[in-house]
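# Structural characterization, general
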Amino acid sequence: MGVTLDLSRAPPASAPAKPNLTGLTRTELQAVLVEAGVVRPEKARMRAGQVWRWLHHYGVTDFSMMTDIAKETRGQFAEAFSLDRPEVVERQVSRDGTRKWLIRMAPGIEVETVYIPDVGRAGALCVSSQVGCTLNCTFCHTGTQALVRNLTAAEIVAQVQLARDDLGEWPSPKEDRRLSNIVFMGMGEPLYNLDNVAAAIDIIADHEGIAISRRRITVSTSGVVPELEALGTRTQAMLAISLHATNDPLREKLVPLNKKYPIAELMAAIRAYPGLSNAKRVTFEYVMLKGVNDSPADAKALVQLLKGVPAKINLIPFNPWPGSTYECSDWGAIETFAAILNRGGYASPIRTPRGRDILAACGQLKSESEKLRASARRKAATPST
Ligand code: SAH
Ligand code: SF4
């Protein structure tokens, strides 16, 4: 299991944590301010609007910075609430500019978030939606970890806030952003945590705050068919589907969820995805596994399967992990595969591996760096002779 409970760092029971305001939706923020008795109901909307801008446009973590709010009120806020960020346990920067943060949300609850430059309009942040994952895709390391729990909306938003702290992107820049896109492609299955993912997207997309447009937010799913429509209507996010195979027997082996929601059902739900159009295409992710799903015949089957669907195909070279039974396809096979898709009319960029030196690749998040830290600890504990 990839996550351990570290109770030694738990706060003493006698110090109840103050409610943190940074991950609340606008409505929740108003309600919390009123409930705590620090704002009168008739002023709630206005006050919440002020606080909102400070939190999500200016990124402040200290009430004393909120200079358009009376000093006394700020003091009351500080007594009642917290604006603290979760702790960054580890920060790494790759030679190619990829950044990775290991974030401790709570004792024993750690997730990784990765910033990848030159993806999307300027750079994309890969966020996690769960700690671990309940689905056991056979090529994915996250799938070998037991799920500890869903992340809250606040914990999802905190990943964006921390990345922006580090990138120096407060107040929210209108032009020349480095963090322009969000992809839910970190740990976990976002559609098993849709309530929190949708609330987080509401906060991240809000025009008076972080203001990342919903068209620049992509949610990747292994294919939780019954939740697809709700994802579209509630978030208007871009959809990415982890397809990886074009026939049920193979997809069942790679993505066991396929037994529950086979390809035909999945494709029907994708065709019905709210807002789907040529300007708003579905991304199909396809991990390249040597000798498994990477033949020219597989590529042709993929073109057939996607006929009539406004789609892009993202070919992902497999990232091996210790104990994995697959290998990455040869580069030549990937190029041949991509050429067939291109001839079939599909843009099919090959996702170039990024941040390899800091283990920031898909499906490797957290587990790998955790293992390295464990081995470093073991080395440090070994007495030298
Ligand atoms: N659970 C969601 C989102 C997180 S995984 C999903 O499955 O879509 C993000 C992407 O990384 C998915 O397409 C997933 O299939 C892919 N992935 C997982 N492990 C991988 C690995 N070892 N190498 C390459 N891609 C991997
Ligand atoms: Fe979970 Fe996605 Fe990994 Fe499958 S690929 S185990 S759904 S994180």
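Please read these numbers as outputs of a predicted model, since none were measured by experiment.

About the thresholds
Throughout this document, residue positions are counted from 1 along each chain, in the order its sequence is written. Numbering of ligands from 1 and lettering of chains from A proceed in the order in which they are written. Restriction of local features to residues with pLDDT of at least 70 applies here, the model being predicted, together with a cutoff of 80 or more for giving and counting side-chain atom pairs; totals for whole chains, interfaces and linings are based on all residues. Computation of side-chain values covers all heavy atoms of the structure but excludes hydrogens and water. Whether a residue is near a molecule or strand depends on its heavy atoms: if one lies within 4 Å, it is near. We call Asp, Glu, Lys and Arg charged. Ala, Val, Leu, Ile, Met, Phe, Trp, Tyr, Cys and Pro are nonpolar, and the rest, Gly among them, are polar. What makes two strands pair is DSSP finding at least two bridges between them. Helix numbers and strand numbers start at the N terminus; a helix is a DSSP run of H or I with at least 4 residues, a strand a run of E with at least 2. Helix axes are fitted only over the stretch in contact, all axes being lines through C-alpha atoms; the angle between N-to-C directions runs from 0 to 180 degrees. We call two residues in contact when some of their heavy atoms are within 4.5 Å. Only rings of Phe, Tyr and Trp enter the pairing, Trp through its six-membered ring, and a pair is recorded when the two centres are within 6.5 Å. The plane angle decides the type: under 30 degrees is stacked, over 60 is edge-to-face, the rest tilted. Between buried and exposed lies partly exposed: a residue is buried under 20% and exposed over 50% of the maximum accessible area for its type, with that area taken using a 1.4 Å probe on protein chains only. Distance and chemistry together define a polar contact, namely a pair of N or O atoms within 3.5 Å, with one atom able to donate a hydrogen and the other to accept it when in protein, and with adjacent residues in sequence counting only for side-chain atoms on both sides. The term nonpolar core refers to a set of buried residues drawn from Ala, Val, Leu, Ile, Met, Phe, Trp, Tyr and Cys, joined through side-chain atoms within 4.5 Å. An automatic or database domain assignment supplies the start and end points of every domain.

### Focus on the site of ligand 2
Around ligand 2, the neighbouring residues are Cys133, Leu135, Cys137, Cys140, Gly143, Gly188, Glu189 and Ser222. Residues that form the shell around ligand 2 fall into these classes: four nonpolar, three polar and one charged.

### Side note on the sheet that holds strand β11 (residues 311-317)
The nine strands lie next to each other as β1-β2-β3-β4-β7-β8-β9-β10-β11, forming an open sheet whose pairing is mixed. For this open sheet the edge positions go to β1 (87-93) and β11, each flanked by a neighbour on one side alone. For this sheet, the mean angle separating the axes of adjacent strands, direction not counted, is 20°. For strand β7 (residues 181-184) and strand β8 (residues 217-221), the ladder comprises three bridges, and the chain directions are parallel. For valine 183, the partnering residue across the bridge sits in β8 and is threonine 218. Where helix α4 (residues 153-167) meets the sheet, it contacts β1, β2 (99-106), β3 (109-117), β4 (123-126) and β7, and its direction lies at approximately 135° from that of β2.

### What about the packing of aromatic side chains?
Evaluated as defined, the whole model comprises five aromatic pairs. Pairing tryptophan 54 with tyrosine 58 gives two aromatic rings, centres 4.8 Å apart and planes at 35°, and the pair type is tilted. The exposure class of tryptophan 54 is buried, given its relative accessible area of 14%. Judged by its relative accessible area of 34%, tyrosine 58 is partly exposed. Cluster of aromatic residues (ring-pair linked, three or more members): Phe63, Phe77 and Phe81.

### Description of the environment of serine 128
Here serine 128 is to be found in the loop between β4 and β5 (130-131). Residues serine 128 and proline 190 lie 62 residues apart in sequence; the distance between their C-alpha atoms is 8.1 Å. Residues in contact with serine 128, not counting those within four places in the same chain, are Val111, Glu112, Leu151, Ile156, Gln159, Gly186 and Met187. A polar contact of 2.9 Å, which involves the side chain of serine 128, links it to the backbone oxygen of glutamate 112.

### Re the nonpolar core
The biggest cluster of nonpolar side chains holds 102 residues, and the ones touching the most others in it are Leu21, Phe139, Ile182 and Phe284. Each of two domains, domain 1 (26-80) and domain 2 (87-376), supplies a minimum of three residues to this core. Val114, Val183, Met185 and Ala240 belong to the second largest nonpolar core, which has six residues in total.

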